[in-house]
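Coordinate analysis (summary)
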Amino acid sequence: MASVMYAVFHFAALQCSARPEISPCTCEMGKAFNHVELACEKLESFNAVVDSLANKLNSDVNIDLKITHSQLDDLEMRSFRDMNFNIYKLRMQWNGLRSLPELPFRGLSNVTYLSVADNELDEIPKHVLNHMPLLQTFDISRCNIRVVQQDDLKGIQKITNLILPSNNITRLDRGAFPLSLLILHLGRNQLESLNGSLAELTNLHSLFINANNISDLDKELPDGSKLRLLMAHNNRLEHLPANMATMDDLEIIHLHFNRLRSFDRVLRNAQHLTELLANNNELEYLAQDEFQSCRQLDTLNLACNHIRSLNFSLHPMVKLTRGNFSFNDIEEFSMEELHGMRSLRVLDLSYNRIQRLLPAHKHSPELALIDLRLDHNQIVTLDSALAGLSHLRILSLPENRIEYLQPGDLNGMNRLEILDLTANQLVELKQLETTLLPSLKILKVAYNNITKLEHDFYGLPMLCQVNLTNNQISSISSELVTNTRCKNHNVPGKLEMFLDDNPIMCDVRLNELCRLMIAQDARIRGRSQCFENDQEVCTVLPMLYNYDLPLLVTKLKIVDAEDAKPLVQMLVPSPILIKNNDELLPPIIATLGQPLINPVIIAAPPAVAPTLLLAAAATTPPPVLGEANTTNPTTTTTSSTTSTTTTTTTTNPPTVGAATTPTPANPMDMVTTTAPTTTTTSTTTPQPNDTLPVVLDIEEPNQMKPSQMNATDEAVELPPEPKPNPVEQAEADTVAKTEYETVEYIPNVVLVPTPVPASKSNLLDEDADSQSNSVHEEYPSVLLGDVEHAAQNLQIPEEPPEQ
């Protein structure tokens, strides 16, 4: 037997492979026994189709012929019989046919499937159908049919599938449809009434009347029918026909987008019903026995109605897996409504008016609920109503009014993976510290009022992502993620913490916290309004707070080397943490990659004491700029062909110690401190090739011991400090008060361990590659004491002012 089957299929295959002369038509072996599929596309005439296929295949082979996208204006000139083979399926789609002549279709008595869809036919071709007595499926969809008349289908009394969607049908004559119909598709037409045309179709089991203008089905559906599928959505139905209560075979009913106010208990006997879609209606009430016999119901969608209570109508649905009651007017929901629903997997109660969740009053078998959606309600507290949902994986509660999670609210949720509490009124997550959620991977608590995080994640051992954006978080404990190690399908990963738009994103403490979190397999993510450049904050912070840049000297005191030892230890670079909230950074941090200020690097003269103690005075006027000794090989400045420096007076710096005294090998030979905030006026400008003046303000100790004086030291007479210009001083004060009046900037005071290279080009290259750590980069003129002519960049020369 197997050899016979192989021989037959092999013969059919040879029928195609041995006939290359049928081109441009193509041939394939059919899926059924002794069947061949022929396809002719984009031919210029029906005569060309006949000439290509005539006498090319055996007459005992069943042919499925498909002619599409061709010009068939000469259709009445030839006949399908001229091809001399047996056609059992005929498809003539997308050919622009306006009518079908009778002559070509004579003799097609074996055709069981005919499709003339996607043409421009404006009436049913009854004269063609009269030659096809065995026709079972007739597809004339997407044409321009306007009326189905009484005698249009008389020639095909054995037809079972009639497909008429997407036409312009406005009228159906009574008796127009054969009684043999099993499937009738009248969807997407312009029907306002069925006109009793279906009353006698007792064998009908699938009816499509969707997307019409039907407002009433009373006495339209056959009594005692075997209807299994009813597609009546997108109409104007205000109620269901009473005889639906006797249709016990109904399995699928789609009634969405109508005007139904009630089911009128017509579905209470639908014992085989598996799917009911009635969303987007005007349902207000569900009777307690509305679905009394619907024990097979699997999917129920009653969303977008006006239902105020489920009224315990779901209890018979022991096999329900998906229930959607969103966008209704439910004000209170009790878990008792789900009693006995052991198969329920997804329950959607979002967009209602639920204020309270009530726990079940009596013991019920464990629910298999996986996805519970309660978002966009008015829930204030969970009242432990959801405790014990051990199969729950997704709990969605955004857009409610929850202020606190109470003890026991989430108990027993051992499989919960996603918890969404976005846009509530939570002020803390402390209950998560003692509630064990061993499977939770994603926590969403954005847009709440959380102010701090301490041990809140202690009960979340597998947390991988937490969204904390748009809260009020200003404090995060370094022990937050001590008990948390992200695992996704048992693969270790890093916990991602999103902290956009929280106060802590502007706090320098975050610099150290980022490093601590990374050490514990967690990572802080997010962008802050405090930064102009759109970068991850933990990527930007090290460049802002952890670089060793030189600072401007304002006050110097010469002290004993023993007294300066603590200072050397203090100046070792270390992270600076601001502990008070009022000591945060200013709201705008300058763009990275540009020089902070024009720093002046100071090298001590040869005879300076071994150690220099720095004392920065915030209100001290700018120091006097003196002419540097250009012949001294140990003095190095940051002068270059692109820098400018302005002074009010020109004096030589005092000489301390004898020239013959050797320079000690002290790492404090070059030190830095903060820049002054006052301004000075410019009277002289050094040429680009001149050595940059040294900025010094040396304060002689009030009481210096004789042992501290060198015998060869000369007396030092300091020039009087210049008074700043009142107008420019006022401008500087204005900027300070308006921009940073609440900010106390604490710079990184660091020790430069190696001397600055003597080569000017090397100095420029080193400074250009350095990163900024100042929050005042946008205001260098104020910091350097020159409002109008402050240097923009060390590499941009400024022309000297006109005399």
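For every chain, the first residue of the written sequence is number 1, and numbering continues from 1 onward in sequence order. Per-residue local features are limited, in this predicted model, to residues with pLDDT of at least 70; the limit for side-chain atom pairs, both in listing and counting, is 80 or more; totals at the level of whole chains, interfaces and linings are taken over all residues. In computing side-chain values, all of the structure's heavy atoms are included and hydrogens and water are not.

**Digging into the overall build of the protein chain**
Operational definition: Helical segments are the DSSP runs of H or I of at least four residues, strand segments are the runs of E of at least two, and each set is numbered from the N terminus. For the exposure calls, accessible area comes from a 1.4 Å probe over protein chains only, and a residue counts as buried if that area is under 20% of its type's maximum, exposed if over 50%, partly exposed in between. We get accessible surface area from the Shrake-Rupley algorithm with a probe of 1.4 Å; when it comes to residues, only the shown protein chains can shield them.
For the protein chain, the helix and strand inventory stands at 9 helices and 35 strands. Going through the 803 residues of the protein chain one by one, you find that 48% of them count as buried. Counting only carbon and sulfur atoms, one obtains 49% of the accessible surface of the protein chain, whose full area is about 38500 Å².

**Some words on the environment of Thr-26**
Where we set the bar: Only heavy atoms enter the contact rule, under which two residues are in contact if any of them lie within 4.5 Å.
Here Thr-26 lies in strand β1 (residues 26–29). Expressed as a C-alpha distance, the spacing of Thr-26 and Lys-66, which sit 40 residues apart in the sequence, is 9.9 Å. Setting aside residues up to four positions removed in sequence, Thr-26 forms contacts with Glu-37, Leu-38 and Ala-39.

**Regarding helix α4 (residues 509–519)**
Side chains three or four residues apart in an α-helix point the same way, a direct result of the helix having 3.6 residues per turn. To keep things clear, this is the line we draw: The arc in question is the one spanned by the directions pointing from the helix axis to the C-beta atoms.
Here α4 has its buried residues at Leu-510, Asn-511, Leu-513, Cys-514 and Met-517. Along the long axis of α4, the arc covered by the buried residues comes to 165 degrees, so they all point the same way. Looking one or two residues beyond α4, the residue adopting positive phi is Asp-521, at roughly 60 degrees.

**Digging into the state of the cysteines**
The line we're drawing: Counting rule for disulfides: a pair of cysteine sulfur atoms within 2.5 Å.
A full pass over the atoms with the stated rule returns 2 disulfides. Note that Cys-25 is cross-linked by a disulfide to Cys-40, the S-S spacing being 2.0 Å. In this structure, the disulfide formed by Cys-25 and Cys-40 twists by about 115 degrees around the S-S bond and is classed as right-handed. Linking Cys-25 in the loop between α1 (2–17) and β1 with Cys-40 in strand β2 (residues 35–41), this pair joins segments that are 15 residues apart in sequence.

**A few points about the pattern of salt bridges**
Filter applied, for reference: Whenever a carboxyl oxygen of Asp or Glu lies within 4 Å of a side-chain nitrogen of Lys or Arg, that contact is scored as a salt bridge.
A complete count under the given rule lists 20 salt bridges for this structure. When the shortest N-O distance is used, the salt bridge between Asp-64 and Arg-91 registers 3.3 Å. In this pair, Asp-64 sits in strand β3 (residues 62–68) while Arg-91 sits in strand β4 (residues 86–93), placing the two residues 27 residues apart along the sequence. Under the relative-accessibility criterion, Asp-64 is labelled buried at 7%. For Asp-521, the salt bridge is made with Arg-485, and the minimal N-O distance between the two is 3.8 Å. Of this pair, Asp-521 sits in the loop between α4 and β30 (522–525) while Arg-485 sits in the loop between β26 (475–476) and β27 (487–488), and the two are 36 residues apart along the sequence. Here Asp-521 falls in the partly exposed class, since its relative accessible area comes to 34%. If you follow the salt bridges from partner to partner, you end up with Asp-51, Arg-78 and Asp-82 in one network.

**Description of the confidence of the model for the protein chain**
Heads up, the condition is: For every residue, the predictor states its confidence as a pLDDT score lying anywhere from 0 to 100.
Summing up the model confidence of the protein chain, the mean pLDDT is 75 and the portion of residues at 70 or higher is 64%. In this model residues 1–13 is a low-confidence stretch, pLDDT under 50, and it forms 11 contacts with partners more than four residues away in sequence or in other chains. Counting contacts from residues 730–803, a segment whose pLDDT is below 50, to residues more than four positions away or on other chains yields 142 contacts.

**Section: the packing of aromatic side chains**
Put simply, the test is: In this analysis, rings of Phe, Tyr and Trp, with Trp reduced to its six-membered ring, are considered paired at centre separations within 6.5 Å, and the interplanar angle assigns stacked below 30 degrees, edge-to-face beyond 60, and tilted for intermediate values.
Applying the stated criterion to the full structure yields 4 aromatic pairs. Ring centres of Phe-46 and Phe-80 lie 5.1 Å apart, and the angle between their planes is 65 degrees; this geometry places the pair in the edge-to-face category. Separated by 34 residues along the polypeptide, Phe-46 in helix α2 (residues 46–53) and Phe-80 in the loop between β3 and β4 bring together distant segments of the chain. Assigned by exposure class, Phe-46 and Phe-80 land together as buried. Judged by centre distance (6.0 Å) and plane angle (65 degrees), the rings of Phe-263 and Phe-291 are edge-to-face.

**Quick word on unusual backbone geometry**
Following Ser-23, the chain continues to Pro-24 via a peptide bond in cis, the omega torsion being 15 degrees. Locating Pro-24 in the fold gives a position in the loop between α1 and β1. One non-glycine residue, Asn-55, lies in positive phi territory at about 60 degrees. Counting through the fold element by element, Asn-55 comes out in the loop between α2 and β3. Phi is positive for Asp-501, which is not a glycine, with a value near 55 degrees. Relative to the elements of secondary structure, Asp-501 occurs in the loop between β29 (495–498) and α4.

**Points about the nonpolar core**
Going by this rule: Take the buried Ala, Val, Leu, Ile, Met, Phe, Trp, Tyr and Cys residues and link them wherever side-chain atoms come within 4.5 Å; each set so joined is a nonpolar core. Where each domain begins and ends follows an automated or database-derived domain assignment.
In this structure, Phe-80, Phe-138, Phe-177, Phe-263 and Leu-443 are the most contacted members of the largest nonpolar core, which totals 156 residues. Each of domain 1 (10–139) and domain 2 (426–539) gives at least three residues to this core. Beyond its immediate chain neighbours, meaning those up to four positions away, Phe-138 contacts Leu-114, Val-116, Ile-124, Pro-125, Leu-129, Leu-153, Ile-156, Ile-159, Asn-161, Leu-162 and Ile-163.

**Examining the environment of Ser-45**
Basically, it comes down to this: Distance and chemistry together define a polar contact, namely a pair of N or O atoms within 3.5 Å, with one atom able to donate a hydrogen and the other to accept it when in protein, and with adjacent residues in sequence counting only for side-chain atoms on both sides.
The residue Ser-45 is located in the loop between β2 and α2 in this model. Using a relative accessible area of 19% as the deciding quantity, one classes Ser-45 as buried. A C-alpha to C-alpha distance of 6.9 Å links Ser-45 and Asp-73, two positions 28 residues apart in sequence. Ignoring sequence-local partners within four residues, the contact set of Ser-45 consists of Gln-71, Leu-72 and Asp-74. Reaching out from Ser-45, the side chain makes a polar contact with the backbone nitrogen of Ala-48 at a distance of 3.2 Å.

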